[in-house]
Structures are given as structure tokens and as C-alpha cells.
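Structural overview
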Amino acid sequence: MTAGYNDPHLGLVVEGPGDANALPILLRKVLAREGIYADVLGKPVACNGRQKALAPRGLEGFVAVAAARPGCRAVLVVLDGEGDPVCDVGPQLLARAKSVTSLPVAVCLADCSYEDWLYASCETLDIGLPSYDPSVRGTAAIKQALRPGKYVKPTWQPRLTTKLDPDLVNRRNVSFRRMLEKLKVLTEAVVSYDR
């Protein structure tokens, strides 16, 4: 479930359709562990590719759409870092996002990809991945484990996210930990508004 259109909620901007289906599952798992069971997540706005988000005025448009929805109280942007220096790219994207809204905004870059978050919980995914190796990229490991089948993000990202253990990923992945910290602050802006 997502928050009602007019209900106070956290707006989401994601990279693609797989993320649009998977990220709400992940965030609900995390929020439930914090005792937040209310529908506080808005329907994700998908950029349909990282390049569209990075294009001039790209991210700004997606954030503006999420922020303009009635009930939106804060916006969380989650994109893949794809090996770029997140300490440089993140603040640049945050400045761009803040240029179109006065709402609280956070930009979280999965370093290197959302699949690295999935892989950090490899033992719980039930696809035959043995043990976690921090030097292995998540996308490559997941694709290998699913062979001869194909890894199709809109199908597999949400399916694997349902099996992900957030506590395990939190211990193993720094970018996931940063996302959780930002989520906590933004969720407070939504939940406190409703009190």
C-alpha cells in the first residue's frame, strides 16, 4: 500500500521500474523495524534510467513531480552510484534537488548499485549464493546465480528485496547505512507532521 494522495507522505524518486517496485518493499521493512506501520510512502517517481536523472534539469523535474503531490512532506531520491565518487555526485544532486522544492530532501546513492544492497544479504536471498564477499559486485553475483535464467530487474529486484535482511545489509554496506540515516530524518518530518 502507498499513502493516500493527500495523506502526509515521503515522496520517492528512483532510477527505474525495478527500483519503483523494490524500494517501497525495502523501506517498509525498515520502517516496520522502527515501529512505523502507517502508510507513509508515496508512489515512486521513476527516472527511467540514471542518465535521465543526471541530465540537465532531469533530476529537478522528477523531484518537482514528487514534491508537488498533495501530502508530500519530504523527498527521498535513491539512485545507483555506478562507481562514481558518491562524495562528489551526491552533494551535486542534492543541490539540484533542493533548487526545486523547500521540502526536506535527501539523495542516496547506492554504491555501486541497488544489487550491491541485495548481495549484502546474499545468504537470505535463496538463489544459491554461498557467502558474502565484499569484493564481489552484486549485479554480477546475482546474474551468475540465476543462470541459465536471466536477471530482469523489474521482476527480480522486488522478489529479492522481500528476502533481504536489512540488519545484515546495514552491517555490510556503508551506502545502505547512509540511506537508513537519511530515511530516519525524512520519516520524522512526515510522521511528526501528522501528530
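Just so you know, these numbers come straight off a predicted model, no measurement behind them.

Right, let's get into the sheet that holds strand S2 (residues 45-46). Strand order in this open sheet of 4 strands is S2-S1-S3-S4, and the pairing throughout is parallel. Strand pairing shows two members of the sheet lacking a second neighbour, S2 and strand S4 (105-110), which therefore form its edges. Of the strand pairs in this sheet, strand S1 (residues 9-14) and strand S3 (residues 72-80) are connected by 6 bridges, and their pairing is parallel. Bridged to Val-13 within S3 is Val-77.

With the rule as written, the count across this model stands at 3 aromatic pairs. One aromatic cluster is present, formed by Tyr-114, Trp-117 and Phe-176 through successive ring pairs. Seen from the ring of Trp-156, Arg-159 lies directly overhead, with NZ or CZ sitting 4.4 Å from the centre.

Bringing the environment of Arg-33 into the picture now. Examined against the element boundaries, Arg-33 turns out to sit in helix H1 (residues 17-33). Spatially, the C-alpha atoms of Arg-33 and Lys-43 are 21 Å apart, while their sequence positions differ by 10 residues. Residues within four places of Arg-33 in sequence aside, it is in contact with Asp-165, Pro-166 and Asp-167. Reaching out from Arg-33, the side chain makes a polar contact with the side chain of Asp-167 at a distance of 2.3 Å.

So, how was this worked out
Residues numbered from 1 in each chain as written. Predicted model: local features only at pLDDT ≥ 70, side-chain atom pairs only at ≥ 80, totals over all residues. Heavy atoms only, no water. Pairing = 2+ DSSP bridges. Helix = DSSP H or I, 4+ residues; strand = E, 2+ residues; numbered from the N terminus. Phe/Tyr/Trp six-rings, centres within 6.5 Å; stacked < 30°, edge-to-face > 60°. Lys NZ or Arg CZ within 6 Å of the ring centre and 35° of its normal. Contact = heavy atoms within 4.5 Å. Polar contact = N/O pair within 3.5 Å; in protein donor to acceptor, adjacent residues only side chain to side chain.

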